[in-house]
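A structural walkthrough
Residue-level listing of the chains:
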Amino acid sequence: MTKSALMAAVTDVFQSGWYFTGLDYAALMLALYGVGRDPGALQALRLADNARVFDSARQALYKPPKMSLSYAEYYFQQQYTEAQTLPDGTLLPERPVQLDIDEFIAFMWTQNIRFGIDVAAVRAAMASAKPERITFACDLEPAPGQDACAVEVSAELHRSDAPKARADGRIDLQSFQNRFPQIKAEMRLLQKREPVPGLPGFDLAGRKTEPPPPKDLKLAFLAGDGTEARSFEDGEYLVSTREGFLSVDTKSNRISITDKIISREGVSGRTTGNLQLAGAYEEYGDVQEQRDVTGSDVTVHGNVYGNIHSRGGTVVLDQNLVSGSVHNAAGDIRIAGVSSNSVVYAADGAITMQRAENCVISGTRVKIEEALNCEIIGDEVLVSVAEGCAIAGRNVEVESAGPRRRTEMVIYVLVKDVTQFDQEIEELEMRIAELAQTNADSQRETERISALPDVRRYLALAARLRTQELVLTPEQGQHLRKIASAVSGEMKAIQTLKQDLQVGMTQHKLLSDRLAQVVEHKVEAAGIARCGLHMASGETLVRTMPFAADSAALRQLQPKDLKQRLRGTPGAGQLLFADSAGSLDWHLNPRLRPSAP
């Protein structure tokens, strides 16, 4: 039987008022959608034990689920049969009823939920004694495939662009080490791995969601002079067509084989000029003014007057940084000497400096022994002595701070702007308070009516009958019915009040849970913010600085923009400290309501 025919048959059973007993839901999903465990080499797949008529009284026990875009929720609570009066006048009170997973699946099928039910979660909720709302069904997201890619099949592809080391330990920047890979003709360099399609997903209605198609790769696009793409029995390869040296264009990623070594770094000036290095670089001399060194894991043992650009690794300066800059895209920066009139920026790394004067410093974690007239920003900032600086961070620790000549000393604690949560919190608190008052009123009215003599007597008899402590004769049953008829209005009022109270309590619980979630989301969004100022040695200002986006956006500002941001007129924020002496230990508590700046 085809999947479409099986789908039609199963749907016809459910829509005809029948359901399957002993249904193997996982096997059904496998048979209909091909999702689930591999059955192996089975000749037949068992789906259920039998089919049975879905009684209308049992159908009434199940309610429509709460639907969302990608999941469905259901509120499980104890169900009861209605009270019955037997022909002999015996009154049977309401009794608890157990829900059935097979009936639940059949009912949900009629609600257009034909995929993704968590049978184990539903069973657990049915077996639980307490009411609970659970997410019982979810979409299956499509599994993405694997894009085509090119993999190296030769160990001869890598070269070293490190400068040549002299006998005295210094680096000769005018020549490179003679270790360029030499490629032979007809050598396989790269192999193309074909794209692998992904697996489809399904929504709750059983509709298929196709995964995005994997990207293909034209290996010929990587072929430069001296290389070409060829197909062999075991796949497609990039092959060298002649013997020579390997050259890789960093912009287009094209691989060429040339007759001679080609350097694309560019040399200017008296020595080497600007350097473009593929790997780590170590310099024993000085980096002169207006000279750029680009690489990774850069170490300079002399003074730096130019610019260091690192793609990653660690930048280490053993001496001084004067009127230059150091940028590291993915790594740390360590400067042992004095830094003055310079820019130091670590996009995703820590900065450690001994002494900084008139510098703009930005990193994820900044640690400075002495900072004078500097603008400093980081997620975490630790400064032993700060004079005339503007410091901003999520976690700021300063041992001693004060002004320097006419330059003020200011510290900003970066605080994530989470005011968007406050309005929702206020609205939820008001709604919860209103519901609590309404529920209390319903409870008091229920107690008032229940305390009426006739009602109290009838409720006591009904309770004894439900617990089977009392069995009535037909004459007593007739008398009880008269009592029930006399208090029918009050009982209906009590029933209505109880229903209203139950709905109100449910709404109160849902709103309380939502309030707790919003508060936790606010706390999570706010993160950590603190400032520790051990000693103010002069007029020092500390205040918060709200920011809407990730703090990385602030750290990525251009030096002049960062100066303006930290030295300009302070905007919205809470004043934490403004004194010429004393200390401060402040921690953000996002659970508190925001105060006016």
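Heads up: these notes are all about the structure in this document. (Residues numbered from 1 in each chain as written. Predicted model: local features only at pLDDT ≥ 70, side-chain atom pairs only at ≥ 80, totals over all residues. Heavy atoms only, no water.)

Side note on the pairing of strand β33 (residues 409-416)
Judged by how many residues are buried, β33 sits mostly within the fold: seven of eight residues are covered. Across four bridges, the pairing between strand β32 (residues 390-402) and β33 is parallel. Counterpart to G393 in the pairing with β33 is V413. Pairing analysis gives eight bridges linking β33 to strand β35 (residues 540-547), with the strands arranged parallel. Bridging across to β35, V413 finds its partner in T544. (Buried < 20%, exposed > 50% of the residue type's maximum accessible area, 1.4 Å probe, protein only. Helix = DSSP H or I, 4+ residues; strand = E, 2+ residues; numbered from the N terminus. Pairing = 2+ DSSP bridges.)

Focus: the packing of helix α1 (residues 3-15) against helix α2 (residues 25-33)
Packing of α1 against α2 brings their axes to within 8 Å, and their N-to-C directions diverge by 135 degrees. On the basis of their axis angle, the class for α1 and α2 is oblique. Counting all contacts with α1, which are made through K3, L6, M7 and V10, the residues of α2 involved are L28, A31, L32 and Y33. Across the contact of α1 with α2, the residue classes tally to seven nonpolar, no polar and one charged. (Axes fitted to C-alpha atoms, helices over the stretch in contact; angles between N-to-C directions. Parallel < 35°, antiparallel > 145°, perpendicular 65-115°, else oblique. Contact = heavy atoms within 4.5 Å. Nonpolar A, V, L, I, M, F, W, Y, C, P; charged D, E, K, R; others polar.)

Some words on α2
The element α2 is extensively covered by neighbouring structure, given that eight of its nine residues are classed as buried. Within α2 the residues assigned to the buried category are Y25, A27, L28, M29, L30, A31, L32 and Y33. Residues of α2 that are buried in the fold lie against α1, α4 (101-110), α5 (119-127) and β15 (201-202). Just past α2, the residue G34 takes up positive phi, approximately 70 degrees.

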